[in-house]
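# Descriptive structure summary
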Amino acid sequence: MTTTDSSTTPRAPKGKRRIGDVVFGNTARGSGILILAILAGVAAFLIIQSFDALSANTANFLTTTEWDANTDADEEPAFGVAALAFGTVLAAALALVIATPIAVGIALFIAYYAPRRLASLLGYIVDLLAAIPSVVYGLWGIGYLVQELTPFYQWLSDYLGWIPLFAGPISTTGRTMMSAGIVLAVMILPIITAISRDVFLQVPRGHREAALALGATRWEMIRMAVLPFGRPGVIGGAMLGLGRALGETMAVAMILSPALIISPHLLQSGNQTIAAHIALQYPEATGHGVSALIAAGLVLFAITLVVNMAARYVVARRKEFSE
Amino acid sequence: MAKRIDVSGLNVYYGDFLAVEDVSMTIEPRAVTAFIGSSGCGKSTFLRTLNRMHEVAPNARVDGKVMLDDLDIYAPEVDPVAVRREIGMVFQQPNPFPTMSIYDNVIAGSKLNNQRMSKSNADDIVERALRDANLWDEVKDRLAKPGSGLSGGQQQRLCIARAVAVQPEVLLMDEPCSALDPISTLAIEDLIASLKENYTICIVTHNMQQAARVSDQTAFFNLAGTGQPGRLIEMGETNKIFTKPDKKETENYITGRFG
């Protein structure tokens, strides 16, 4: 119900301006603008602060693997982000490859297989996993997991060593990319599971019953009705997990025995991620060091942005079929 | 194709709650049997026991006997999945798979039975099912488009095509027209009339004119009171049920002097 003034000129009816609506509308608008301002602010900070080191850099920043940035004012710094970017993407991809199938399995079990009580208990436990601080994951990883995994790594390299990923000789400490990837996988498992479970539970009953009425078994019902409907949600959850894995610092810094090389051998020590590198190097950074680390941060920012945009593209691609 | 269904002494439960009590009836092949009755009287619940969809709900169970010709569909060794492949179902809300094309929707059931089907074989099945559902001419040029892009009436006919594509013995329809406009309803009713040449059809409907138009037999369900189980009050030739029913309750319902 809106009251309109009865002037003779025809115009669109105008609602009464209510003070509550105005205040709420402007607050919401302000929040929306704030998030854009923060994003722009961070990007501007990264670009401006990294400029100093990037302009003094004598090596190609994107293709060099060495990191010689802590120079005195009269020396020429030479550093590049290639090894770090490779390590970052490798660790995150590894985590995603390990975590996504397990998360989808847990989510399907919770949504469609587990008895109701077990399902809510399991859901609660998975949420609890997300509450564990990453430094604790790091401690667990280095204090326990790496030792336990070493025999498994030995087995992998004995039998699958012909695949470069698993080539030996394996690191005896277990502080490898594989260990970092596994710990990261555990860390991103809750978010992927929670989001997948939510979308699986939202599959309309009509679609599930349609599949069952055609004579689908439970697995076939899941394949026909649940997975296609839930796919964008699973991808969204995986991308959130990937975002967390890309930026995860503490656990990786504790577990990985770093080396600035580009190595595909997951079971040997080596590689390093951008986030862990920044955390470990920052306290000792001198000269152009800080600015160079900020440049590395800019690259991480860009990678995360690209990953998120790619995810949105994938989700939107088959929109016509998912209404 | 088309088999007789014989129900005897069927009780339907949700947990401890008895929803439908002691139903016995014979559903004739190559005929349309309509289930009528007020909301909540158990007619849809009863329909869903005929292809074992009832037990999909948690704690749902039945006792009694349902025979599909010689097969006791509730016998312990019978797989409900196999029963549902013989007895197809169409739901109240049109529910094509939203992520599938029209073509894939129709072929979905056949793919379950036979994973490796030749392309030409699949094409034949799709065309035949869509022709059976009076939908072929409307969609033949856009088979690769999503089924969710069709109108409500077309979607419901797509669902019927999907159900008949696997050539079931029986087709169950749970208020198939209640979400549709009158024109689409007419199209579905014409379709039911042509499908009964090949299938045993059961239809739940709230629309008594529809029951009178499409069915050969009519079964009237009613509740004794709130919280009481639904019962089959009377079943017989549709003509007879709508002109001179045996029971007073039936007469009250069909003449609208109910409750």
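Per an unreviewed UniProt entry, chain B carries the name Phosphate ABC transporter ATP-binding protein and comes from Halostreptopolyspora alba.

Taking an unreviewed UniProt entry as the reference, chain A is identified by name as Phosphate transport system permease protein belonging to Halostreptopolyspora alba. Word for word, the UniProt comment on chain A under Sequence similarities (unreviewed entry) is "Belongs to the binding-protein-dependent transport system permease family. CysTW subfamily." UniProt, in the comment section headed Subcellular location (unreviewed entry), describes chain A in these words: "Cell membrane".

## What to know about the sheet that holds strand S3 (residues 32-36) of chain B
Strands belonging to one sheet form pairs held by backbone hydrogen bonds; the direction of such a pair is parallel or antiparallel. All names here are of chain B. The mixed open sheet is built from ten strands, whose spatial order is S5-S4-S1-S2-S10-S9-S3-S8-S7-S6. The strands lining the two open edges of the sheet, one partner per strand, are strand S5 (71-72) and strand S6 (87-90). Here two bridges tie strand S2 (residues 17-27) to strand S10 (residues 230-237), and the two strands are oriented parallel to one another. Bridging across to S10, Val-20 finds its partner in Gly-230. Contacting S6 and strand S7 (170-174), helix H6 (residues 152-164) runs over the sheet at an angle of about 170 degrees to S6.

## Comments concerning unusual backbone geometry
Across residues other than glycine, the phi torsion is negative in most instances, and most of the peptide bonds are trans. Residues and elements named next belong to chain B. A positive phi is found at Arg-52, a non-glycine position, where the angle reads about 60 degrees. Note on placement: Arg-52 falls in the loop between helix H1 (43-49) and strand S4 (60-68). Residues other than glycine seldom take positive phi values, yet Asp-69 does so here, at roughly 50 degrees. Here Asp-69 shows up in the loop between S4 and S5.

## A few points about a nonpolar patch on the surface
Residues and elements named next belong to chain A. On the surface, a nonpolar cluster with roughly 800 Å² of combined accessible area is contributed by Phe-109, Tyr-113, Leu-118, Leu-121, Tyr-124, Ile-125, Leu-128 and Trp-219. Looking at the nonpolar patch, the elements that each hand over two or more residues are helix H2 (82-113) and helix H3 (116-130). If you tally residues by element for the nonpolar patch, the top one is H3, at five residues. With respect to the element layout, Trp-219 can be found in helix H7 (residues 218-247).

## Observations concerning the layout of surface pockets
Counted as a void, the largest pocket has a volume near 900 Å³. Forming the boundary of the largest pocket are 27 residues, of which Tyr-112 and Arg-208 of chain A together with Val-56, Ala-57 and Pro-58 of chain B lie nearest the centre. Of all elements in the fold, only H2, H3, helix H6 (205-213) and H7 of chain A together with helix H2 (80-86) of chain B reach the threshold of two or more residues within the lining of the largest pocket. When its residues are assigned to classes, the lining of the largest pocket shows 17 nonpolar, two polar and eight charged.

## Considering the UniProt feature "transmembrane region" (unreviewed entry) in chain A
All names here are of chain A. Following the UniProt record, one finds the feature "transmembrane region" (unreviewed entry) at residues 33-51, 81-114, 121-146, 152-170, 182-201, 221-242, 249-267 and 287-311. Here residues 33-51 runs as 100% helix and 0% strand, with 27 Å between its end C-alpha atoms. When the span residues 81-114 is considered, its composition is 94% helix and 0% strand, and the gap between its end C-alpha atoms is 46 Å.

## A closer look at the interface of chain A and chain B
Counting residues at the interface gives 23 residues for chain A and 28 residues for chain B. A buried area of about 2100 Å², summed over both sides, lies between chain A and chain B, and 64% of it is on carbon and sulfur atoms. Remark: the boundary between chain A and chain B carries two salt bridges. For the salt bridge of Glu-220 of chain A with Arg-85 of chain B, the shortest nitrogen-to-oxygen distance reads 3.3 Å. Put simply, chain A and chain B have four residue pairs in polar contact (both at pLDDT 80 or more) between them.

## Considerations on the pairing of strand S1 (residues 5-14) of chain B
Residue and element names in this part refer to chain B. Pairing between S1 and S2: seven bridges, direction antiparallel. Counted as the bridge partner of Leu-10 is Val-23 from S2. Joining the antiparallel neighbours S1 and S2 is a turn of two residues, in which Gly-15 adopts a positive phi near 60 degrees. Of the pairings in the sheet, the one linking S1 to S4 comprises eight bridges and is antiparallel in character. Within the sheet, the bridge partner assigned to Val-12 lies in S4 and is Val-62.

## So, empty space enclosed by the protein
The method is simple in principle: a probe with the dimensions of a water molecule rolls over the atoms, and the space it marks as empty is what remains. Per the stated rule, a full pass over the model turns up one cavity of 30 Å³ or more. Considered as a void within the structure, the largest cavity measures approximately 80 Å³ in volume. If you go around the largest cavity, the residues you meet are Ala-210, Ala-213 and Leu-214 of chain A together with Gly-88, Met-89, Val-90, Phe-91, Asn-95, Cys-159, Arg-162, Ala-163 and Val-166 of chain B. For the lining of the largest cavity, a count of residues per class yields nine nonpolar, two polar and one charged.

## Observations concerning the nonpolar core
Residue and element names in this part refer to chain A. Membership of the largest hydrophobic core comes to 61 residues, with the highest contact counts inside it found for Trp-67, Met-178 and Ile-274. For this core, the secondary structure elements donating two or more residues are H2, helix H4 (134-160), helix H5 (177-201), H7, helix H8 (250-255), helix H9 (274-281) and helix H10 (289-317). If sequence neighbours within four positions are ignored, Ile-274 has contacts with Val-81, Leu-84, Ala-85, Thr-88, Ala-296, Gly-297, Val-299, Leu-300 and Ile-303.

## Side note on the side chain of Gln-155 of chain B
Residue and element names in this part refer to chain B. By the secondary structure assignment, Gln-155 is in helix H6. Owing to a relative accessible area of 14%, Gln-155 belongs among the buried residues under this scheme. Setting aside anything within four residues of it in sequence, one finds Gln-155 in contact with Pro-94, Pro-96, Gly-147, Ser-148 and Leu-150.

## Observations regarding the pairing of S4 of chain B
Residues and elements named next belong to chain B. Relative to S5, S4 runs antiparallel, the two being bridged by two bridges. When the bridges of S5 are listed, Met-67 appears paired with Asp-72. Hairpin connection of S4 to S5: two residues between the antiparallel strands, including Asp-69 at a positive phi of 50 degrees.

## Some thoughts on the pattern of salt bridges
Under the counting rule described, the total for this entry stands at 15 salt bridges over all chains. Where Lys-140 of chain B meets Asp-137 of chain B, a salt bridge forms, and the shortest distance between an N and an O atom there is 3.8 Å. For Lys-140 of chain B, a relative accessible area of 37% corresponds to the partly exposed category. Using a relative accessible area of 58% as the deciding quantity, one classes Asp-137 of chain B as exposed. Across the pair Arg-157 of chain B and Glu-138 of chain B runs a salt bridge whose closest N-O atoms are separated by 2.8 Å. With Arg-157 of chain B in helix H6 and Glu-138 of chain B in helix H5 (residues 136-139), this residue pair connects regions lying 19 residues apart in the sequence. Residue classification places Glu-138 of chain B among the partly exposed residues on the basis of a relative accessible area of 35%. Here the salt bridges do not stand alone but share partners, grouping Arg-205 and Glu-209 of chain A together with Arg-48 of chain B into one network.

Conventions and cut-offs
- Residues numbered from 1 in each chain as written.
- Chains lettered and ligands numbered in written order.
- Predicted model: local features only at pLDDT ≥ 70, side-chain atom pairs only at ≥ 80, totals over all residues.
- Heavy atoms only, no water.
- UniProt positions renumbered as here; feature names shortened; annotations may be inferred.
- Pairing = 2+ DSSP bridges.
- Helix = DSSP H or I, 4+ residues; strand = E, 2+ residues; numbered from the N terminus.
- Contact = heavy atoms within 4.5 Å.
- Axes fitted to C-alpha atoms, helices over the stretch in contact; angles between N-to-C directions.
- Patch = residues over 30% accessible without salt bridge, like charges linked within 9 Å, V, L, I, M, F, W, Y side chains within 5 Å.
- Areas by Shrake-Rupley, 256 points an atom, 1.4 Å probe, with all protein chains shown as cover.
- Salt bridge = Lys/Arg side-chain N within 4 Å of Asp/Glu carboxyl O.
- 1 Å grid on protein atoms, 1.4 Å probe; cavity = no way out; pocket = protein on both sides within 12 Å on 5 of 7 lines; lining within 4 Å.
- Points joined across faces, edges and corners; volume = space filled by probe spheres on them.
- Nonpolar A, V, L, I, M, F, W, Y, C, P; charged D, E, K, R; others polar.
- Buried area = accessible area lost by both parts, 1.4 Å probe.
- Polar contact = N/O pair within 3.5 Å; in protein donor to acceptor, adjacent residues only side chain to side chain.
- Core = buried A, V, L, I, M, F, W, Y, C linked by side-chain atoms within 4.5 Å.
- Buried < 20%, exposed > 50% of the residue type's maximum accessible area, 1.4 Å probe, protein only.

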